[in-house]
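Residues per chain are reported as follows:
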Amino acid sequence: MLPHEDSLTKLPPIDRNRELLKTAREEVYKTVGGHDLPVYFWEPTAEKAPPYPKSVIAFFFSSGWDNGQVSQFAPHCLYFASRGMTAMAFDYRVSAKHGSTPVDSMADVRSAMRWLRLNAVELGINPGKIVGAGGSGGAHMIAAAAMVQGFDEPGEDESISCAPNALALFNPVLDTSKKGFGHDRFLHPDDAKKANLMAAIAPNLPPTLIFHGTHDRVVPFEISEEFVRKMKKKKNVCELMVYEGQGHGFFNFNVSFDLYQGTLNALDDFLVTQGFIEHDPDMQVDLM
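Residues numbered from 1 in each chain as written. Predicted model: local features only at pLDDT ≥ 70, side-chain atom pairs only at ≥ 80, totals over all residues. Heavy atoms only, no water.

Attention shifts here to empty space enclosed by the protein. A full pass over the atoms with the stated rule returns 1 cavity of 30 Å³ or more. Taken as a whole, the largest cavity encloses approximately 30 Å³ of empty space. Lining of the largest cavity is provided by Met147, Leu167, Leu169, Leu205, Pro206, Thr208, Phe227 and Met231. Listing elements by their share of the lining of the largest cavity, those giving two or more residues are β6 (166-170) and α9 (221-233). Of the residues assigned to the lining of the largest cavity, the class counts are 7 nonpolar, 1 polar and no charged. (1 Å grid on protein atoms, 1.4 Å probe; cavity = no way out; pocket = protein on both sides within 12 Å on 5 of 7 lines; lining within 4 Å. Points joined across faces, edges and corners; volume = space filled by probe spheres on them. Helix = DSSP H or I, 4+ residues; strand = E, 2+ residues; numbered from the N terminus. Nonpolar A, V, L, I, M, F, W, Y, C, P; charged D, E, K, R; others polar.)

In terms of burial, helix α3 (residues 74-82) is largely enclosed, as 7 of its 9 residues are buried. Next to the buried residues of α3 lie α2 (16-21), β2 (35-42), β3 (54-63), β4 (86-90) and α10 (257-273). Once α3 finishes, Gly84 follows within two positions and takes phi at roughly 95°, a positive value. (Buried < 20%, exposed > 50% of the residue type's maximum accessible area, 1.4 Å probe, protein only. Contact = heavy atoms within 4.5 Å.)

Okay, the environment of Lys233 next. Here Lys233 shows up in helix α9. The class for Lys233 is exposed, based on a relative accessible area of 71%. With 32 residues separating them in the primary sequence, Lys233 and Ile201 have C-alpha atoms 9.5 Å apart.

Structure below.
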């Protein structure tokens, strides 16, 4: 083998999601503790953009509040931009990078929602049509922004709602009690108790779509089943998409294109039904 051939074989594989992140526009939505937190967003092309303020889908990457990649949902963002939405991937503090706690991460997500509403005119978006989406811990935090109180950044204008208008949750953390996930990651047990979404179900919550695999060993599938039952008892719109035999993170673009495509199609249908985007019979997910 020639030297140059040997060097080529050692090149790291291309991270397609991170490459897609380079196609986004980047802004800082929050500066806290000396850290700039960016948001990456994709806009629809002129022919795809609606003639009125756009709906938004805001993604928060999967984590246990400890680590994760903001590029995770870049393929999803690209798709929903092609459907006429402003699609965004928000970074937030995680312990491995920022020495933060779950409470800090929750505050960042709430700040992100308020940033969207504060800048709605400049962004050309409808502040009443914001879809909050996320995976695992990211899903917990965006749902918490609609369901629980008391995790706001000090000094923030709490008169601006941090609640999304719809939720798309991928294998979400819904129970932070000792029988669920993440209780030991909160510094104070009272915070874990207040952050427990299973105990915060009430009427008039945003319409919610949950994706979960039955073989998830991180966040038990049965918790999502119980959550959906309780949501429906309170007359909330809440649907569970069941993926038999699938584990944690099955929906990611770099795990299975078929499952990525299936979950995107299901979310697309849900957002059409809820009035966030219009039906497009010709729209299909492609490999980008």
